Amino acid sequence: MEGFNTNRRNFIKLCTVAGITVFAAPVLWQKGKAQNPETARDVLNWRGAGSDPAFRTDGVAKVTGQKIFGRDFRARDMPGWKPQQHYALVLRCNRVERRFDGVDWTQLPAEAQPYAKVTAETLAEKKLKLPAFYGEAMLLSEGASPLYYGHAVAMLLFDDFEKYATAKQALQFNEQVIRYGAQTPPVERDPYASWRIIRVEGPQGPEDEDLYSPMQDGLFFPNYRDHKAEWPRAANLSGSVSERGMYYAQQIRATTEREAESGNWHLVRGEYRTQIVDPMMMEPEAANVWFDGERQTLHLVLTSQSPQDFQELAAHMIAESAFAAEIKNIVVHSAVVGGGFGAKDHSIFPYYGLVAGLFGTAPVRLANNRFEQFQAGLKRHPFGMRNTLAIDKKNGKFQALIAEMQVDGGGRQNFSASVSMVGASAIQSIYYLPRNDISSVANQSMNVDSGSMRGYGTLQTMTAMEMMVNQAAAELGIDPIELRLRNAFQDGWRNTQGAVPKVGVRYRELLERAREHPMWRDRMERKRAFEQENPGYLFGTGYAIATKDYGTGAAAPSAAVQFDTAGRLSMAVEFMEMGTGIGTSQSLLLETVLGRAADHCTVGEVDAWHALQQFQTESPYTMSQQHQDQQSANPLWTPVTAMASAASMSSYFQSHATQQAAEILFQQGLLPAARRLWKRNELENGQTQWREGKLHYGNLPPLALEQLAADAHRNGDVTGVMVHSFNRWEWAEADFELHGRQWTGSIDGLALRRGGSAEKVSADEYQVEKRSAVRYPRTALNNAMVTYYAPTAALVEVAVNPGNGEVSIHGLQNYMDCGRTIVRPLVEGQIEGGVAMGIGHALYEYLPPLAEGAGNGTWNLNRYQVPLAKHVPVWIQQHEILPPATEKDPHKGIAEVVMIPIVAALAEAIYQATGKRFNEVPITPERLRRALNPQVL
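What you are looking at is a predicted structure, and each value in this text was computed from that prediction instead of being measured.

(A) View of the overall build of the protein chain. Helices and strands together make up the secondary structure of the protein chain, namely 23 helices and 34 strands. With respect to the three principal axes, the spread of C-alpha positions in the protein chain is 85 × 80 × 65 Å. In the protein chain, which comprises 937 residues, the share counted as buried stands at 63%. Excluding contacts between residues fewer than 6 apart, the proportion of contacts in the protein chain whose partners are at least 24 apart in sequence is 79%. Just so you have it, the protein chain exposes about 34900 Å², and 48% of that area is on carbon and sulfur atoms. Here the protein chain holds 93 positive side-chain charges and 102 negative ones, and the gap between their average locations is 1 Å.

(B) Up close: the sheet that holds strand E21 (residues 569-573). In space, the six strands of this open sheet follow the order E22-E21-E20-E26-E29-E30, with mixed pairing throughout. In this open sheet, the two edge strands, each paired with only one partner strand, are strand E22 (600-602) and strand E30 (767-769). Within the sheet, the average angular offset between the axes of one strand and its neighbour, ignoring direction, is 20 degrees. As defined by bridge partners, strand E29 (residues 749-754) adjoins E30 across three bridges and the pair is classed as antiparallel. Bridge pairing in E30 links Ala751 to Val768. Relative to the sheet, helix H19 (residues 650-678) contacts strand E20 (558-563), E21, strand E26 (718-724) and E29, its axis offset from that of E20 by approximately 35 degrees. Here helix H20 (residues 705-714) sits on the sheet and contacts E20, E21, E26 and E29; the angle it forms with E20, its principal contact strand, is near 95 degrees.

(C) Representation of the sheet that holds strand E24 (residues 694-696) in the model. Sheet architecture is open: three strands sit in the order E23-E24-E25, paired in antiparallel fashion. Of all strands in the sheet, those bounded by a partner on one side alone are strand E23 (689-691) and strand E25 (703-704). In this structure, E23 lies alongside E24, joined through three bridges in antiparallel fashion. Paired with Trp690 across the strands is Leu695, a residue of E24. Running over the sheet, H19 touches E23, E24 and E25 and is turned about 65 degrees from E24.

(D) Looking closely at the confidence of the model for the protein chain. Model confidence for the protein chain is summarised by a mean pLDDT of 93, while 96% of its residues fall at 70 or above. Note on residues 1-13: pLDDT is under 50 here. Beyond four places in sequence and across chains, it has 31 contacts. Every residue in residues 29-43 is under pLDDT 50, and counting partners more than four places away or in other chains gives 34 contacts.

(E) Looking closely at the packing of H19 against H20. Contact geometry for H19 and H20: axes closest at 8 Å, N-to-C directions at 95 degrees. Taken together, the axis directions place H19 and H20 in an arrangement best described as roughly perpendicular. Residues Gly669, Leu670, Ala673, Ala674, Arg676 and Leu677 of H19 form the contact with H20, whose own contacting residues are Leu705, Gln707, Leu708, Ala709, Asp711 and Ala712. A breakdown of the residues in the contact of H19 with H20 according to their chemical character gives eight nonpolar, two polar and two charged.

(F) Fine view of empty space enclosed by the protein. The full count for this structure, using the stated rule, is 14 cavities of 30 Å³ or more. Size it by volume and the largest cavity reaches roughly 220 Å³. Residue lining of the largest cavity: 20 residues in total, with Ser650, Ser651, Ile822, Val827 and Gln830 positioned closest to the centre. Of all the elements in the fold, those that place two or more residues in the lining of the largest cavity are helix H17 (582-594), H19 and helix H21 (824-844). Here the residues of the lining of the largest cavity sort into nine nonpolar, nine polar and two charged.

(G) Looking closely at a nonpolar patch on the surface. On the surface, Val874, Trp875 and Ile876 cluster together to form a nonpolar patch covering roughly 380 Å² of accessible area. When you line up the elements, Ile876 lands in the loop between H21 and strand E34 (877-881). Taking the relative accessible area as the measure of exposure, Ile876 reaches 38% and is therefore partly exposed.

(H) Representation of the layout of surface pockets. Quantified by volume, the second largest pocket comes out at close to 1000 Å³. As for the second largest pocket, its lining consists of 45 residues, of which Arg273, Gln406, Val407, Asp408 and Asn443 are closest to the centre. Secondary structure elements with two or more residues in the lining of the second largest pocket: strand E10 (228-230), strand E11 (265-273), strand E16 (383-392), strand E17 (398-408) and strand E18 (435-443). Counting residues per element, the lining of the second largest pocket draws most heavily on E17, at five residues. Residues that form the lining of the second largest pocket fall into these classes: 21 nonpolar, eleven polar and 13 charged.

(I) Molecular detail of the packing of aromatic side chains. Inspection of the entire model under this criterion finds 38 aromatic pairs. Pairing Phe220 with Trp231 gives two aromatic rings, centres 6.0 Å apart and planes at 85 degrees, and the pair type is edge-to-face. In this pair, Phe220 is assigned in the loop between helix H6 (214-217) and strand E9 (223-225) and Trp231 in the loop between E10 and helix H7 (241-261), connecting sequence segments eleven residues apart. There is no split in this pair, since Phe220 and Trp231 are both buried. The interplanar angle of 85 degrees and the centroid separation of 5.6 Å between the aromatic rings of Phe323 and Phe359 together place this pair among those described as edge-to-face. Taken together, the positions of Phe323 in the loop between helix H8 (307-319) and strand E14 (329-334) and Phe359 in helix H9 (residues 349-359) put the pair 36 residues apart, joining distant regions of the chain. Like Phe359, Phe323 is buried. Counting every residue linked through ring pairs, the aromatic cluster contains Phe133, Tyr134, Phe310, Tyr351, Phe415 and Tyr456. Above the ring of Tyr352, the side-chain terminus of Arg92 is found at 5.5 Å from the ring centroid. Lying across the ring of Phe323, Lys126 places its NZ or CZ 5.1 Å from the centre.

(J) Structural view of the pattern of salt bridges. According to the stated counting rule, one finds 49 salt bridges in the structure shown. In this structure, Asp522 and Arg521 form a salt bridge, with 3.5 Å as the shortest nitrogen-oxygen distance. The salt bridge partner of Asp717 is Arg676, with a shortest N-O separation of 2.4 Å. Within this pair, whereas Asp717 is found in the loop between H20 and E26, its partner Arg676 is found in helix H19, the two being separated by 41 residues in sequence. Residue class for Asp717 comes out buried when judged on its relative accessible area of 7%. Within this structure, Arg196, Arg253, Glu271, Arg386, Glu404 and Asp437 form a network of salt bridges that share partners.

About the criteria used
- Residues numbered from 1 in each chain as written.
- Predicted model: local features only at pLDDT ≥ 70, side-chain atom pairs only at ≥ 80, totals over all residues.
- Heavy atoms only, no water.
- Helix = DSSP H or I, 4+ residues; strand = E, 2+ residues; numbered from the N terminus.
- Buried < 20%, exposed > 50% of the residue type's maximum accessible area, 1.4 Å probe, protein only.
- Contact = heavy atoms within 4.5 Å.
- Areas by Shrake-Rupley, 256 points an atom, 1.4 Å probe, with all protein chains shown as cover.
- Lys, Arg positive; Asp, Glu negative; His and termini not counted.
- Charge placed at Lys NZ, Arg CZ, Asp CG, Glu CD.
- Pairing = 2+ DSSP bridges.
- Axes fitted to C-alpha atoms, helices over the stretch in contact; angles between N-to-C directions.
- pLDDT = per-residue confidence, 0-100.
- Parallel < 35°, antiparallel > 145°, perpendicular 65-115°, else oblique.
- Nonpolar A, V, L, I, M, F, W, Y, C, P; charged D, E, K, R; others polar.
- 1 Å grid on protein atoms, 1.4 Å probe; cavity = no way out; pocket = protein on both sides within 12 Å on 5 of 7 lines; lining within 4 Å.
- Points joined across faces, edges and corners; volume = space filled by probe spheres on them.
- Patch = residues over 30% accessible without salt bridge, like charges linked within 9 Å, V, L, I, M, F, W, Y side chains within 5 Å.
- Salt bridge = Lys/Arg side-chain N within 4 Å of Asp/Glu carboxyl O.
- Phe/Tyr/Trp six-rings, centres within 6.5 Å; stacked < 30°, edge-to-face > 60°.
- Lys NZ or Arg CZ within 6 Å of the ring centre and 35° of its normal.

Right under this line is the structure:
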């Protein structure tokens, strides 16, 4: 893009937010230095001839070094930018117990002086404030107390790399740079959120209407006193939602204690803790930003999973500042994300890049090194849990779960509220619980803030649940898999919120398969044989299973599919490429509907969806039913226009939009052409089928896609379809008038293209089709919290060296239900990554809290232990993916689920080997050594 020109054609692609025109540029590739992988893939046939692709659509680019990540871009790589590259350095507090008294600028070398020093006072002068989602004090004011370890206090701008590098070397670990004053008390604030999930089943059991549940009765919330949650005390069976809830909560606790005292129920009580974990993505966060004052345009190259949200919030941030009159346009260049794991979803980092660009006199690059990424990047929330599981001694059936969770959200809220909610709703795992009282409080702390890192609270709580179930099995003398079979959730039953899952559950099938595996069936003999052959080593086998939600309750995927006159298929999806191969999977989805895979797939598309002309108003999570009903009367309103990318969201939600678009394109574009070419006016959808890339109908000559496309273009039929969908634990449905007939589909936005030949999906070629009616899922479904589940299980064999506490994995078998897999090798790649992450969380990865933790700025891979090749059973791990139960099984999001049971399975295997039970992770070699050798320091 040469600079930025708002000609008439471009303007259609633009979106105006708060009076600022926002342009979402296509995914970047380093022009002149790297070939576009979308072109490079055509050198070889990525599709191949098998059921699975020969390789990923971006495979050639990846192995030849042509796939360029956002971190790699410099000003000279961007057409139209000033070629001179400037650099930004952020200074951060590594203490919180004393007042910030400013920066000692004399610590800067004379030859490395910045041309600009941005402080809190600088931001105040320009009225620059963070979006409300991120809180306050983007830069800490002099005289104030740091809100958390790593709180930023200043940003320095340099006009060449040598100055920047010299300054960074002098300042980064210099204890004299930031001046600290008088001691101050820790900053304390109310919790970010509190949740209470209380349910009591009906008299007829799992399928009966509940006596009480959030789904049936609603939610209630506590008051806060001294920054602690205080739940209502009034309990009344005939009272308000909270009074009824507290009545049943008291009943659950009283019944549990009474039945335990009478000897009828066995209780497993324990405190369970998980640690702070760094995402450790390969690409630390980076931004390159240029404020083109002449054209009043701000350009940003980002490494973000959520560029759609950033461009909207950034526009509001600028519109409310003194820069409003100077900036008329924002251009967001979305780069390929080199690993996200949730840590680049709504990260605060891009806003610091924005500030750097605003005060720079040329393009400014802000890029974390690994020390800075540890200090300032989002983390996985640590959980502290106090749980009680009640089991009927006679039949081994679970009777009640009482869980109290404290979640550490760190210094900024980010997604702590929803992570704590998801964790609470997930602790049920695969089990049916007739009674539950689960509370979860997300607390502010002085730690680095945590966000939507892989697992999203479920890893933490289901690990604890599996530890409890394994302990219960040992104490009751029941085989652990048999105990799980007795309590496995079944189709049609209600979860802890009182909602019935929307997908079939196959937990029993996963359990039965594991029970017959030699690793499990012969585990005692295998232990005896190994320990006899390896004197001094201890051997054990562990099993765990989990089922994770996929979805947010406000999923809003968009997709566009089109063909040119030669029958070449091109498409665009909203999701970013984060290593999951989404371009490959979404391209392949077109085969069953349109006869072949897409020839071109644009990922991370942002601007094309403006053709839909949709808008949103209030939060989809808090809006009332009345608000939704009123807004639904406008055919262009939607609860959510766009959503961030997440690994477990694409296979089901993005695929839904892609398939809807493809089916409409077939019905409105290819089928009319087939009727003309075959001269069969009565031909309906479902009477034809694709075989070997051609459309067949009875004994008539098969039609190639090229023939159909050419005819559709000649006759002005639909040649491109763009859709938007919305899912609040079920899909919205809308009616449209197409060719004089009503068409109903599970979308809420539609735009069509007639004619056109561009390979890229372009907003100005599409015309919106306004719906005639829409039916959105009721807002009360927010109380369901989750209705889509994907299960996975792990069977692990370990050997423990008591001398040094080292754990080595000797066998690993995974089981999972992915529904209908789209590209099996991509799923298998995610399995391998999930196993490594689970091992890291269980055995190695650990960041201490507060002063000793990442916020002090001294952490890197020399201190943070990730699992290495020798720790991961690369050549011996096996997996079994259940075949779909039916041809209509959904594509289930499995990416992050694989790691969850690995953690508890390893903990149980260690117990079976050593007799030592751990309720806190990681079980590091040092912790294990000390437990086994308490007399040795």
